[in-house]
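# Report on the structure
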Amino acid sequence: MTIEQKIINAVLDILNAETGQSMPVERISLQKTRKDFTGDFTLVVFPFVKLLRRSPEECAVFLGEALIKNVPEVDKYNVIKGFLNISLKPSFWLDFLTKKHEDKDYGYQKPISDDQQPVVVEYSSPNTNKPLHLGHIRNNLLGWSIASILEASGQKVVRVNLVNDRGIHICKSMLAWMKFGNGATPANTGTKGDKLVGDYYVQFESELRRQVKKMMQEKGIDEDEARGKAPLMIEAQSLLRRWEERKPEVVEVWKMMNGWVYEGFDKTYKRMGISFDKVYYESETYLLGRDIVLEGLKRERLYKKADGSVWANLSDQNLDDKLLLRADGTSVYMTQDIGTAQLRYDDFDPQQMIYVVGNEQNHHFNVLKKVLKLLGKPYNKQIHHLSYGMVELPDGRMKSREGTVVDADDLMNEMEETAQITTEELGKTGNIPEGDKIRLYEMIGLGALKYFILKVDPRKNMLFNPEESIDFNGNTAPFIQYTHARISSILRTAGKTRLKHLKPMEDASVINDKERELLKYIYYFPALISEAAKEYSPALIANYVYELCKAFNQFYHDHSVLNEPDRAISDFRLMLSQLTAQVICNGMSLLGIRVPDKM
RNA sequence: GGCCCCGUAGUUCAACGGAUAGAAUAGAAGUUUCCUAAACUUUAGAUACAGGUUCGAUUCCUGUCGGGGCUACCA
């Protein structure tokens, strides 16, 4: 039981004994004392005023006195307005540090049981017609991090990807390659596979625009109609039909081009440091989706229009009817998602299926759940759309048509270059071997990027300014990494033998304010992970680690670890430094960010 | 038009309905015979607007204004 729970239980007991009435736990607010006030935890007493029939101050004093009697760890208290600030005995903090300072897994909970149902987390979900961009970066980092956080909170997690490798958009780049490619391959052009395929998608769109413009002028029709009737579009649609018919000449090109893309994606994923336990392909799930839809039609949960298209009637949900199969029998995104959900359910029997997908698809997931319910699929309740905000550029949303997309590979390159330049400017390259330098620049550059993105509440839109966002000072990963490097330096200097023989301090009363502040942060780490898991928010972890580092730097500035003459205090500070470094490392690893021992 | 989300220092981000709204950055002023100054210290600066609920509202409710998203036989 944590000390917070102990205090809360004690408060409940005290109130009950005094008034004979019980109070719901949710009404009790116990928080970390703000740093302008003295104390470790603060209890808000306003909720008890009516029950105790005393003034807020009297309530606080009453509870403070009672807590000292009932909870051995409570040392003293002070009252400011309706706030009861509780201080624990210094020995509580000392015991805590002594017990935990060598715990490599501090903060991480072990799975409750081996056979618990997993949480399936889907993220990334790329299309195979375009390279990964900044939006995918946010998605990938969020997905990876949230999966890690859930694991650290004791869940069993399966990371999955769903590749959108079929559909009309894929046919577009295939068609452009067949018409204009002249046999270009990644090998003979020296272009990364995903980039090469992306180039043909762009070419398709520009050719199509030319045709549309011409038709609008010559035939006087509007843009929508022209797009539908343009020869290139007709050809793309016919290609999709032939693909669904599994025509060998089409499938062959499709396989080849997708192979190029995967090779490119794999490089980008690897560099980003993310991976998956299982990869689903739309081309392998849409048929199951189609079968489920046809089955639903047979059972009259769905209906067929005169043209042969199949629809779900959602009018009782206040939603428009949703198309599930086109008149020509081909599938749409929703069809595929129905199949994928079923497959995932069959594969893992998950307690929850989380989809990390942008908030622009809120409507889609809303409809997906409704359709699954309509089809009588019980797992519609397990689906959770983890809806995150968009990444915007200073002049608005990224638009591939306007060429304002920030490419993932390019961005990572820039970050690492900036890391190198900054490190060299600071003159910190001296005693680091060449090979280590490259790894260090990667660690710092990618760390800065990942932290910048993950420190923002996932639900909110965020702004990325290429000119200004690459910052290495302040609330950034390099600041945190630097703090870790400083601590590592201390521990290195102290030496392994000394670290092995650290003696627990006997007199806890010498713990100073900065040390105590640091201990409070560290103590909170496990609860923070649970909180982050509950909220699906890596941002909580990011901002916490930053606060922790600030607290350490203040301690570091005011007090010396190794030059402290009192050996007991010096040992105590070594333990404190050790555990701080561990929390920094463990916290950052939940964000997919590594921390160096030197920088 | 309808539905959903968001408006906090110049800028980018924080704040389970709780204390004097926190940071960072940009600005001003300082700190290095001492374990890494990518650090530390001081300073100035913000809840779009109007009501309501509450002991207490940035947070909940209503309206206004501003920004974004969705409303596809795209994904």
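Heads up: the structure comes first, above all this text.
Given the structure is predicted, the values throughout are model-derived calculations rather than measurements.

Assigned secondary structure in chain A consists of 21 helices and 15 strands. Structurally, chain A occupies a C-alpha span of about 85 × 65 × 45 Å along its principal axes. Across the 599 residues of chain A, 53% fall into the buried class. At a minimum sequence separation of 6, the contacts of chain A that also span at least 24 residues come to 74%. For chain A, the distance from the average position of its 80 positive side-chain charges to the average position of its 83 negative side-chain charges is 1 Å.

Okay, helix α8 (residues 193-219) next. Look at α8: 39 Å from first C-alpha to last across 27 residues, which is about the 39 Å you get at 1.5 Å a residue. Following α8 by one or two positions, G220 adopts a phi angle in the positive range, close to 65°.

Attention now moves to the pairing of strand β2 (residues 41-44). Burial of β2 is two-sided: the residues F41 and L43 facing one way and the residues T42 and V44 facing the other way are all buried. Both strand β1 (residues 30-32) and β2 contribute to a ladder of three bridges, which runs antiparallel. When the sheet's bridge partners are listed, L30 is paired in β2 with L43. Strand direction decides the pairing type here: β2 and strand β4 (residues 83-88), joined by four bridges, are antiparallel.

For the rest of this paragraph, the subject is the sheet that holds strand β8 (residues 303-304). The strand order across the open sheet built from three strands is β8-β9-β10, with neighbouring strands paired in antiparallel fashion. Looking at the sheet topology across the chains shown, the edges are occupied by β8 and β10 (322-325). With three bridges joining them, strand β9 (residues 310-312) and β10 adopt antiparallel strand pairing. Residue pairing in the sheet places W311 in a bridge with L323 of β10. Each of β8, β9 and β10 is contacted by helix α12 (residues 282-298), which is oriented at about 110° to β10, the strand it contacts most.

Criteria and thresholds
Residues numbered from 1 in each chain as written. Chains lettered and ligands numbered in written order. Predicted model: local features only at pLDDT ≥ 70, side-chain atom pairs only at ≥ 80, totals over all residues. Heavy atoms only, no water. Helix = DSSP H or I, 4+ residues; strand = E, 2+ residues; numbered from the N terminus. Buried < 20%, exposed > 50% of the residue type's maximum accessible area, 1.4 Å probe, protein only. Contact = heavy atoms within 4.5 Å. Lys, Arg positive; Asp, Glu negative; His and termini not counted. Charge placed at Lys NZ, Arg CZ, Asp CG, Glu CD. Expected span 1.5 Å × (residues − 1). Pairing = 2+ DSSP bridges. Axes fitted to C-alpha atoms, helices over the stretch in contact; angles between N-to-C directions.

From the geometry alone we can't say anything about function, so treat these as descriptive.
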